[in-house]
Amino acid sequence: MSAIIIIPIIIVTIIGLSVYLAYRFLIYDLYCKISINKSLQKYNIKKTPSQIIKEYYENKGESLSDQEIQNLEKNYRQNEPEQFLAMYDAIRDYQKDKENN
């Protein structure tokens, strides 16, 4: 008798957890990536987020591996999307200062 109640609850829990994990790790990241790319296109920035991160840290004198760049890109994309524009501005300012000197 209790199996009639417990089995549907377990099935619904498994389905709900699966949908949440799919959203959290796949759909949310994809949505964030699309949003960042639209923002970069809006401001007519031809660089990818990974190129922006790489140049920004190279200008600061730090060398990052491809894996570190990917991790930073995912973190910025999901938690601090405005950082891409700020880093791009810093790159642009650095290049202008370099040209003036």
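Look above for the structure.
Everything in this summary refers to the structure shown in the same document. What you see is a predicted model; the values in this text were computed from it and never measured.

Attention now goes to the environment of Tyr56. Examined against the element boundaries, Tyr56 turns out to sit in helix H2 (residues 49–59). In sequence terms Tyr56 and Asp89 are 33 residues apart; their C-alpha atoms lie 9.5 Å from each other. Excluding its chain neighbours within four sequence positions, the residues that come into contact with Tyr56 are Met87, Ala90 and Ile91.

Turning our attention to unusual backbone geometry. With phi around 60°, Asn44 is a residue other than glycine that occupies positive phi space. If you trace the backbone, Asn44 turns up in the loop between helix H1 (2–42) and H2. Judged by its relative accessible area of 54%, Asn44 is exposed.

The next thing to look at is the packing of aromatic side chains. All chains considered together, the criterion is met by 3 aromatic pairs. Ring geometry for Tyr56 and Tyr57: centres 5.3 Å apart, planes at 85°, overall edge-to-face. Measuring from ring centre to ring centre gives 6.2 Å for Tyr76 and Phe84, while their planes differ by 80°; the resulting arrangement is edge-to-face.

About the thresholds
Residues numbered from 1 in each chain as written. Predicted model: local features only at pLDDT ≥ 70, side-chain atom pairs only at ≥ 80, totals over all residues. Heavy atoms only, no water. Helix = DSSP H or I, 4+ residues; strand = E, 2+ residues; numbered from the N terminus. Contact = heavy atoms within 4.5 Å. Buried < 20%, exposed > 50% of the residue type's maximum accessible area, 1.4 Å probe, protein only. Phe/Tyr/Trp six-rings, centres within 6.5 Å; stacked < 30°, edge-to-face > 60°.

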